[in-house]
Amino acid sequence: MKTLPIGIQYFGNIRGRANDYYYIDKTDHIVDLVRHGKFLFLSRPRRFGKSLLLSTMEEAFLGNRELFRGLYLEDHWDWDTRHPVIHISFGAGVIRDVADLGERFGFILKENARSGGVTLTESNRRERFFELITALFRKSGQQVVILVDEYDKPILDNIDKPTVATDIRDELKNIYSVIKDADRYLKFVFITGVSKFSKVSLFSGLNNLQDITLHERYATICGYTHEEMVTTFAERLSGVDLDAVRRWYNGYNFLGEPVYNPFDILLYLDTKEFRSYWFETGSPSFLIKLIEERHYPVPNLEKVLSSEQMLGAFDVDRIDIEPLLFQTGYLTIRSRESIGSKIGYRMAFPNLEVKLSLTDAILDRLSGAPAVKENNQYRLYHCLEDADIDGLRDIFHAFFASIPNEWYASSRVAAYEAFYASVFYCYFTAIGLDVRVEDSTNVGRIDMTVIYGGRVYLFEFKVVELDPSPRKAIEQIRSRRYWEKYVGKGEIVLVGVEFSKTTRNIVGYDWERIDSGAAAPLP
């Protein structure tokens, strides 16, 4: 049994002399990229194998054929020609300001010059970069390859500090502009990162940069397809519930076959425990803060529609929640559709890991009382197990009452209508239940449907200050007969919940059961 390459990003360590690590061959993509492009850009979420991909490219251009024995690239590459490689990575550490960026980039240039056996004399970093390219070209007689990993990390490290982030962005723009001026000396340029900043703001000089992020041909260039996973790791899958693995970790879609995040799969195969491995390696605190500040209805994450232009328009001074969630891996594409003359993407959570973990993290922020939240989640689960509908009311009433007054004073989030429904949604979703928002019927939409334990719970929410009519929330479900969609699918429970922004709590709560085969509520 081979070794799982957990955390290994250097291709030579995986395919070295011992060669005792599992490896999924992606080198056919590298051959295709070099044949069809010169200046390429790829965005993928963190821990998706971008660094390993660049390391593989580097070893190929350096002519290290031994590492590719038995792989696709071995018989489809010009091994007689070797190209000098400039490998730039901003992945290590946190860059705090422009001065820190300058020091880091200066060190990168120094290391590339040392490994390439050339001496640099220019003091200005931009000119020094150009000097490095031309020096390597003249020494080798071959065009130079530039590989840039984590190109955007210095900006993302400071995304919550707009002035610093803007200064860093402008300095990076100055650095990357060298690439266009050096065109005649370059064989191939490949730039990767998490986010997709607009070309105008960061790559205005590289107007020939081809974005392959959503190119169907390269949809699986990073990540594991299901077939790749079950074939490569077959000896480790004895007794594994593959459907559960798929629900937990598969589902990232870049307009091709869906893929798993490799980090999740490797750690799951090591422990055989379903946990949020990928989610736990990064903090979405900035995203969650944006969701709070912009009063974003959390249930809407189940049905995001974004235009093609919006997905490519992210910038320091234009941070939209939807493209940021997509680029960072918390949402993925479900379908592509036409919106008039434009292209739109329907997006949702990629898998169970992200859905459970992100909604739980959002709930921590929305609640202002994480410790109470944890206890309530256990109580909530047991109430559903016992069909204790009144107990559900008591849990949520106590939860809203537990939020400190100073939290409300410092946060405007509780002033918007979707806050209360978002709390319900996050509670049910974070414990892994089947939750459906704006559940469509032939006469309207149910605010929220929760399915668990052979029961279907239909929720309707109302904020009394925003809808002062005397009609109770449960009457909406009754009058439109929403339950008919689920007749014959188990016991149905109708729940109407009314909130007050004044009292900051539930002020009305009504429920009734419907027999699975009945056509009307039970008395």
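Reading guide: rules and limits
- Residues numbered from 1 in each chain as written.
- Predicted model: local features only at pLDDT ≥ 70, side-chain atom pairs only at ≥ 80, totals over all residues.
- Heavy atoms only, no water.
- Helix = DSSP H or I, 4+ residues; strand = E, 2+ residues; numbered from the N terminus.
- Buried < 20%, exposed > 50% of the residue type's maximum accessible area, 1.4 Å probe, protein only.
- Contact = heavy atoms within 4.5 Å.
- Lys, Arg positive; Asp, Glu negative; His and termini not counted.
- Charge placed at Lys NZ, Arg CZ, Asp CG, Glu CD.
- pLDDT = per-residue confidence, 0-100.
- Pairing = 2+ DSSP bridges.
- Expected span 1.5 Å × (residues − 1).
- Core = buried A, V, L, I, M, F, W, Y, C linked by side-chain atoms within 4.5 Å.

## Examining the overall build of the protein chain
Stage number 1. Helix and strand content of the protein chain: 20 helices and 13 strands.
Stage number 2. Counting every position in the protein chain, which comprises 523 residues, the buried fraction comes to 54%.
Stage number 3. Taking as baseline every contact in the protein chain between residues at least 6 positions apart, the subset at least 24 positions apart corresponds to 68%.
Stage number 4. Once the 65 positive and 74 negative side-chain charges of the protein chain are each reduced to a mean point, those two points are 3 Å apart.

## Things to note about the confidence of the model for the protein chain
Close inspection of predicted coordinates is inappropriate in any region flagged by low pLDDT.
Stage number 1. Considering every residue of the protein chain, the mean pLDDT works out to 89; 93% of them sit at 70 or more.
Stage number 2. Contacts for the low-pLDDT stretch residues 519–523, under 50 throughout, to residues beyond four places or in other chains number 11 contacts.

## Here we look at the pairing of strand 4 (residues 186–193)
Stage number 1. Judged by how many residues are buried, strand 4 sits mostly within the fold: 7 of 8 residues are covered.
Stage number 2. Bridge count for strand 1 (residues 39–43) against strand 4 is 5 bridges, and the pairing is parallel. Residue pairing for strand 4: Phe 39 is matched across the bridge by Val 189.
Stage number 3. One ladder, built from 5 bridges, connects strand 3 (residues 144–149) with strand 4; its direction is parallel. Across the sheet, Val 144 pairs through a bridge with Leu 186, a residue of strand 4.

## A word on helix 7 (residues 162–181)
Stage number 1. When the terminal C-alpha atoms of helix 7 are compared, their 29 Å separation across 20 residues agrees well with the 28 Å that a helix rising 1.5 Å per residue should span.
Stage number 2. Taken as a whole, helix 7 has its buried residues at Ala 165, Ile 168, Arg 169, Leu 172, Ile 175, Tyr 176, Ser 177, Val 178 and Ile 179.

## Considering the nonpolar core
Stage number 1. Phe 129, Phe 190, Phe 424 and Phe 428 are the most contacted members of the largest nonpolar core, which totals 140 residues.
Stage number 2. Considering every element that reaches this core, the biggest residue donor is helix 19 (residues 418–430), with 9 residues.
Stage number 3. If near-sequence neighbours (up to four positions away) are discounted, Phe 428 is found in contact with Leu 380, Leu 384, Phe 396, Leu 433, Val 435, Met 448, Val 450 and Phe 459.
Stage number 4. Counting 21 residues, the second largest nonpolar core, distinct from the first, contains Met 229, Tyr 249, Tyr 260 and Phe 263.

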